[in-house]
Amino acid sequence: RSDPPIKFIGPAGPPMRALGDKIGSTIIAQTAGVPCIAWNGDDVRAEYDRETGCLPDSSYQAGTITNATEALEAATKIGFPVMIKASEGGGGKGIRMVDNAENVQTAYRQVCGEVPGSPIFIMKLSSKSRHLEVQLLADEYGDAVALNGRDCSVQRR
């Protein structure tokens, strides 16, 4: 125990688990009506279990690419250029930009090799965008402050 006691401020574990996964969070966002960039799971809608933070397995699997042939089909349907991404990747690992059909299967295998066992998905490349992250601190009274922000765009390869 600490003195004074420390109180965790933030979402409970299940919502953090649900939103910490790239595929799951995209399914949750589009189910809630949030506009999302084109991806291989555009048609997937599902409610997550608020007790566990999990989506139905069938819905999650519907948003996952499981082999190089599926990757080529999805990329072609979405339209090039695309990003092939590992759901558990980050910091520039498990992500490849592909601008033509000939390179999809190789890029898919590279992503799988960089983050073994991670579910894979494909999104349309947003070429003129920035990846920004902001950390927020808020209390139970509605007071909030942005602590800092960073431009993570440099992580792209």
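To be clear, the structure that these remarks concern was listed above.
Residues numbered from 1 in each chain as written. Predicted model: local features only at pLDDT ≥ 70, side-chain atom pairs only at ≥ 80, totals over all residues. Heavy atoms only, no water.

### Re the overall build of the protein chain
So, point 1. Assigned secondary structure in the protein chain consists of 5 helices and 5 strands.
So, point 2. Along the longest, intermediate and shortest principal axes, the C-alpha atoms of the protein chain span 60 × 35 × 30 Å.
So, point 3. Residues classed as buried in the protein chain amount to 36% of the 157 residues present.
So, point 4. Considering only intrachain contacts with a sequence separation of at least 6, the fraction spanning at least 24 residues in the protein chain is 54%.
So, point 5. As displayed, the protein chain has an accessible area near 10000 Å², and 54% of this comes from carbon and sulfur atoms. (Helix = DSSP H or I, 4+ residues; strand = E, 2+ residues; numbered from the N terminus. Buried < 20%, exposed > 50% of the residue type's maximum accessible area, 1.4 Å probe, protein only. Contact = heavy atoms within 4.5 Å. Areas by Shrake-Rupley, 256 points an atom, 1.4 Å probe, with all protein chains shown as cover.)

### Observations regarding the side chain of serine 87
So, point 1. The topology assignment puts serine 87 in strand S1 (residues 82-90).
So, point 2. According to the relative accessible area criterion, serine 87 is buried, its value standing at 3%.
So, point 3. A polar side-chain atom of serine 87 sits 3.4 Å from the main-chain amide nitrogen of isoleucine 23.
So, point 4. Not counting the four nearest positions on each side in its chain, serine 87 is found in contact with Asp21, Lys22, Ile23, Tyr60, Ser118, Pro119 and Phe121. (Polar contact = N/O pair within 3.5 Å; in protein donor to acceptor, adjacent residues only side chain to side chain.)

### A word on the nonpolar core
So, point 1. Of all hydrophobic cores here, the largest spans 17 residues; its most connected members are Ile84, Tyr108 and Ile122.
So, point 2. For this core, the elements supplying multiple residues, two or more each, are helix H4 (68-78), S1, helix H5 (104-114) and strand S3 (120-124).
So, point 3. If one sorts the elements of this core by residue count, H4 sits on top with 5 residues.
So, point 4. Aside from chain neighbours lying at most four places away, what touches isoleucine 84 is Gly94, Ile95, Arg96, Val98, Val104, Ala107, Tyr108, Val111, Ile120, Phe121 and Ile122.
So, point 5. Listed in part, the 12 residues of the second largest apolar core include Ala46, Tyr48, Leu55 and Met123. (Core = buried A, V, L, I, M, F, W, Y, C linked by side-chain atoms within 4.5 Å.)

### Focus on the layout of surface pockets
So, point 1. Estimates place the volume of the second largest pocket at around 360 Å³.
So, point 2. Forming the boundary of the second largest pocket are 13 residues, of which Leu19, Asp21, Lys22, Ser25 and Thr26 lie nearest the centre.
So, point 3. Elements with a contribution of two residues or more to the lining of the second largest pocket: helix H2 (22-31) and S3.
So, point 4. At 4 residues, the largest contribution of residues to the lining of the second largest pocket is made by H2. (1 Å grid on protein atoms, 1.4 Å probe; cavity = no way out; pocket = protein on both sides within 12 Å on 5 of 7 lines; lining within 4 Å. Points joined across faces, edges and corners; volume = space filled by probe spheres on them.)

### Quick notes on the sheet that holds S3
So, point 1. The 3 strands lie next to each other as S2-S1-S3, forming an open sheet whose pairing is antiparallel. On the outer flanks of this sheet lie strand S2 (93-98) and S3, each paired with one strand and no other. Strand-to-strand twist in this sheet, taken as the mean axis angle between neighbours without regard to direction, amounts to 25°.
So, point 2. In this sheet, S2 lies alongside S1 in antiparallel orientation, the contact comprising 5 bridges. (Pairing = 2+ DSSP bridges. Axes fitted to C-alpha atoms, helices over the stretch in contact; angles between N-to-C directions.)

### Brief notes about the packing of aromatic side chains
So, point 1. What the rule picks out here adds up to 1 aromatic pair.
So, point 2. Pairing tryptophan 39 with phenylalanine 121 gives two aromatic rings, centres 6.1 Å apart and planes at 85°, and the pair type is edge-to-face. Of this pair, tryptophan 39 sits in the loop between H2 and helix H3 (57-62) while phenylalanine 121 is found in strand S3, placing the two residues 82 residues apart along the sequence. The pair tryptophan 39 / phenylalanine 121 is uniform in exposure class, with both members buried. (Phe/Tyr/Trp six-rings, centres within 6.5 Å; stacked < 30°, edge-to-face > 60°.)

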